[in-house]
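Observations on chain architecture
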Amino acid sequence: MVTERQSPTISGAVHPVDVVLPCLDEAAALPWVLERIPVGYRAIVADNGSTDGSAELARALGAQVVDVPVRGYGAAVHAGLLAARAPVVCVCDADASLDPTELPRLVAPVAAGEADLVVGRRRAVRREVWPLHARTGNAIVAHQLRRRGGVPVRDIGPMRAARREALLALGVVDRRFGYPLELLARAAAADWRIAEVDVAYLPRRGRSKVTGTALGTARAVRDMSAVLRSMP
């Protein structure tokens, strides 16, 4: 059933904000995530080859679903951006580790013209939510980004908000785990006003493909390191 909360239009008007949810086997989390999409926002689930029925479930819950056959976080996000139509677009993980009800706090500075990109800085509600290997890898990459690119962020966070046309114009090419880092680097090079907002980092539903394993973290660091090496 498509509800007014998640339908593409309200009284014929395009939603002011679309929310891209990159998804790979998140059936356990999607009901909670989609139920918490703010009123007036539209959920776009970019399904990256799920085998647990995530796409079918998301459609049944009223979300727009984009099938993304090319594997990779960046591929899913980019496909979601192409499918979006709202002037402002958010990105949020679909694993319930981030609460969509916090998105309006990221959107507000963008909508008011006070920032070009707002990133959610994760604050773990419990230490075990963010394993040490993942937290350390993120801190190292963020430090290098600040030092080499002058980007004022302390988290390469998966929750963010910006204007859709401007995002696409940045020309981010990474289609794997390096996407968020390349986005920040390109935004800084384009003199975007970048801000951070603290958001709660919650226990995810199911096992993480990145932070849940040392191998996943190593792959993410590998992709991000390639982006850093390409920076001037």
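Residues numbered from 1 in each chain as written. Predicted model: local features only at pLDDT ≥ 70, side-chain atom pairs only at ≥ 80, totals over all residues. Heavy atoms only, no water.

What follows is about the sheet that holds strand β5 (residues 64-67). The strand order β5-β4-β3-β6-β8-β7-β9 describes an open sheet built from 7 strands, whose pairing is mixed. Only two strands of the sheet have a single neighbouring strand rather than two, namely β5 and β9 (194-201). Going from strand to strand, the sheet's axes swing by 20° on average, the running direction of each strand aside. By the bridge criterion, 4 bridges tie strand β6 (residues 88-91) to strand β8 (residues 160-163) in an arrangement that is antiparallel. Bridge pairing in β8 links Val88 to Arg163. (Pairing = 2+ DSSP bridges. Helix = DSSP H or I, 4+ residues; strand = E, 2+ residues; numbered from the N terminus. Axes fitted to C-alpha atoms, helices over the stretch in contact; angles between N-to-C directions.)

The biggest cluster of nonpolar side chains holds 38 residues, and the ones touching the most others in it are Leu117, Leu145, Ile156, Leu184, Trp192 and Ile194. Of all the elements in the fold, those that place two or more residues in this core are β4 (41-47), α3 (73-83), β6, β7 (117-124), α5 (132-149), α7 (179-189) and α8 (214-230). Apart from residues lying up to four places away in sequence, Leu117 is in contact with Arg160, Ala161, Ala162, Leu184, Ala187, Trp192, Arg193, Ile194 and Ala195. (Core = buried A, V, L, I, M, F, W, Y, C linked by side-chain atoms within 4.5 Å. Buried < 20%, exposed > 50% of the residue type's maximum accessible area, 1.4 Å probe, protein only. Contact = heavy atoms within 4.5 Å.)

Now for the packing of aromatic side chains. Evaluated as defined, the whole model comprises 2 aromatic pairs. With 6.4 Å between their ring centres and 70° between their planes, Tyr73 and Tyr179 make a pair best called edge-to-face. Of this pair, Tyr73 sits in helix α3 while Tyr179 sits in helix α7, placing them 106 residues apart in sequence. Judged by relative accessible area, which is 3%, Tyr179 ranks as buried. Arranged with centres 5.2 Å apart and planes meeting at 75°, the rings of Trp130 and Tyr201 form a pair that is edge-to-face. You can see Trp130 sitting in the loop between β7 and α5 and its partner Tyr201 sitting in strand β9, a full 71 residues away along the chain. Across the pair, Tyr201 and Trp130 agree in class, each one buried. (Phe/Tyr/Trp six-rings, centres within 6.5 Å; stacked < 30°, edge-to-face > 60°.)

Looking now at α7. Summarising burial for α7: 9 of the 11 residues are buried, a large majority. When α7 is considered as a whole, its buried residues turn out to be Tyr179, Pro180, Leu181, Glu182, Leu183, Leu184, Ala185, Ala187 and Ala188. Positive phi shows up at Asp191, right after α7, with a value of about 65°.

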